[in-house]
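# Geometric and topological summary
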Amino acid sequence: MLGTILNLFGKSPFASLQAHMEKVSVCVHLLPDLFSALEKRDFESVEKIAAKIAEVEHQADLTKNDIRNHLPKSLVMPIDRGHLLEILHLQDKIADKAEDISVLVTLKPLELLPAFKVEFNDFLRENIEAFDGASRIMKEMHELLESSFGGLEAEKVRSMVEEVSFMEHEVDVHQKLLLKKIIMAENEMSYTTFFLWQKICETIASISNLSENLAFRVRMTLEIK
């Protein structure tokens, strides 16, 4: 693995971040399958998908640790080593949140009630779209390096950051509407179930929040340059 990480850094200091982000993306994109199985009350599949998310999150952790342990201190990089590690930390937190969601869903059999099913599915989709926006920004990092963090490529990335910020704002708006729907349906649930759905929504929302933070971290790197 050391040779692999060093080879990645040899090609680009961002190639290793993108390799880690690919695993994070797998975790996030398993969430629709998780809730689709829940909606069908296929709890066996829910457990299997949750286990898969945990497995991929562990792989992401191993990649993260390899990057941290083998990041050459003597390597001259186009961005500060600390900034690169901050970006890695934010990516890793997104994978952690995906696993947290899968754990919450498996604590007890849950039902995705008709009273908030449509709003919930839209809310989940919007969070994943915000994440995908941040993921696309990370894929632009090599091009940013090629352009010395300036010119049209930098403006393109700034515009992408603004798009992620707008998507996160939309998530906030729709989260309030979703929570209202859940509160209106509280009589259809036990207190524990009501609490779990609130916690699930809160944790899902953190995916778009962290995605926005990741996008802003990249923009800060542009401004520093």
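Residues numbered from 1 in each chain as written. Predicted model: local features only at pLDDT ≥ 70, side-chain atom pairs only at ≥ 80, totals over all residues. Heavy atoms only, no water.

### Some points on the overall build of the protein chain
The secondary structure content of the protein chain amounts to nine helices and zero strands. Overall, the protein chain shows an N-to-C arrangement of helices and strands of α-α-α-α-α-α-α-α-α. Evaluated residue by residue, the protein chain yields a buried proportion of 48% over its 225 residues. Across the protein chain, every contact between residues at least 6 apart in sequence was considered, and the portion connecting residues at least 24 apart equals 82%. (Helix = DSSP H or I, 4+ residues; strand = E, 2+ residues; numbered from the N terminus. Buried < 20%, exposed > 50% of the residue type's maximum accessible area, 1.4 Å probe, protein only. Contact = heavy atoms within 4.5 Å.)

### As for the pattern of salt bridges
The full count for this structure, using the stated rule, is twelve salt bridges. Two residues, Glu44 and Lys48, come together in a salt bridge whose shortest N-O distance is 3.4 Å. Here the residue Glu44 and the residue Lys48 both occupy positions in helix H4 (residues 43–70), the gap between them amounting to four residues, near one helical turn. For Glu44, a relative accessible area of 54% puts it in the exposed group. Judged by relative accessible area, which is 55%, Lys48 ranks as exposed. (Salt bridge = Lys/Arg side-chain N within 4 Å of Asp/Glu carboxyl O.)

### Section: the packing of aromatic side chains
Working definition: an aromatic ring pair is given by the centre-to-centre distance plus the angle between the planes. In this structure the tally under the stated criterion is three aromatic pairs. The interplanar angle of 80 degrees and the centroid separation of 5.3 Å between the aromatic rings of Phe120 and Trp197 together place this pair among those described as edge-to-face. With a gap of 77 residues between them, Phe120 in helix H6 (residues 117–139) and Trp197 in helix H9 (residues 191–224) connect regions that are remote in the sequence. Every member of this aromatic cluster is reached through a ring pair, and the members are Phe35, Phe116, Phe120 and Trp197. (Phe/Tyr/Trp six-rings, centres within 6.5 Å; stacked < 30°, edge-to-face > 60°.)

### Regarding the side chain of Glu57
Looking at the element boundaries, Glu57 is found in helix H4. At 6.3 Å, Lys64 is the nearest oppositely charged side chain to Glu57, a buried residue that forms no salt bridge. Look past the residues within four positions of Glu57 in its chain and what remains in contact with it is Cys27, Ala95, Asp96 and Glu99. (Lys, Arg positive; Asp, Glu negative; His and termini not counted.)

### Focus: the packing of helix H2 (residues 15–29) against helix H5 (residues 81–105)
Running from amino to carboxyl end, H2 crosses H5 at an angle of 15 degrees, the nearest separation of the two axes being 8 Å. As judged from the angle between their axes, H2 and H5 are roughly parallel. Between H2 and H5 lies a crossing whose hand is left-handed. For the pair H2 and H5, the contacting residues are Leu17, His20, Met21, Val24, Cys27 and Val28 in the first and Leu84, Ile87, Leu88, Gln91, Asp92, Ile94, Ala95 and Ala98 in the second. Looking at the contact of H2 with H5 residue by residue, the class counts come to eleven nonpolar, two polar and one charged. (Axes fitted to C-alpha atoms, helices over the stretch in contact; angles between N-to-C directions. Parallel < 35°, antiparallel > 145°, perpendicular 65-115°, else oblique. Left-handed = near helix turned anticlockwise from the far one by under 90°. Nonpolar A, V, L, I, M, F, W, Y, C, P; charged D, E, K, R; others polar.)

### Concerning the packing of helix H3 (residues 31–39) against H4
In the contact formed by H3 and H4, the axes pass within 8 Å of each other and the chain directions differ by 165 degrees. Of the possible angle classes, the one that applies to H3 and H4 is roughly antiparallel. As H3 runs across H4, the sense of the crossing is left-handed. Here Leu31, Asp33, Leu34, Ala37 and Leu38 of H3 lie close against H4, whose contacting residues are Phe43, Ser45, Val46, Ile49, Ala50 and Ile53. Looking at side-chain class alone, the contact of H3 with H4 contains nine nonpolar, one polar and one charged residues.

### So, the confidence of the model for the protein chain
Scored by pLDDT, the protein chain comes out at a mean of 87, with 84% of its residues at no less than 70. At the low end of the mean pLDDT range in the protein chain sits helix H1 (residues 2–11), at 43; at the high end sits H3, at 98. Scored below 50 in pLDDT, residues 1–11 shows 17 contacts in the model against residues more than four places distant or in partner chains. (pLDDT = per-residue confidence, 0-100.)

### Thoughts on the nonpolar core
Core analysis: the biggest nonpolar cluster contains 65 residues, and Leu34, Phe35, Phe116, Phe120, Trp197 and Ile200 have the highest contact counts within it. When residues of this core are traced back to their parent elements, those giving at least two are H2, H3, H4, H5, H6, helix H8 (151–184) and H9. Top contributing element to this core by residue count: H9, with twelve residues. (Core = buried A, V, L, I, M, F, W, Y, C linked by side-chain atoms within 4.5 Å.)

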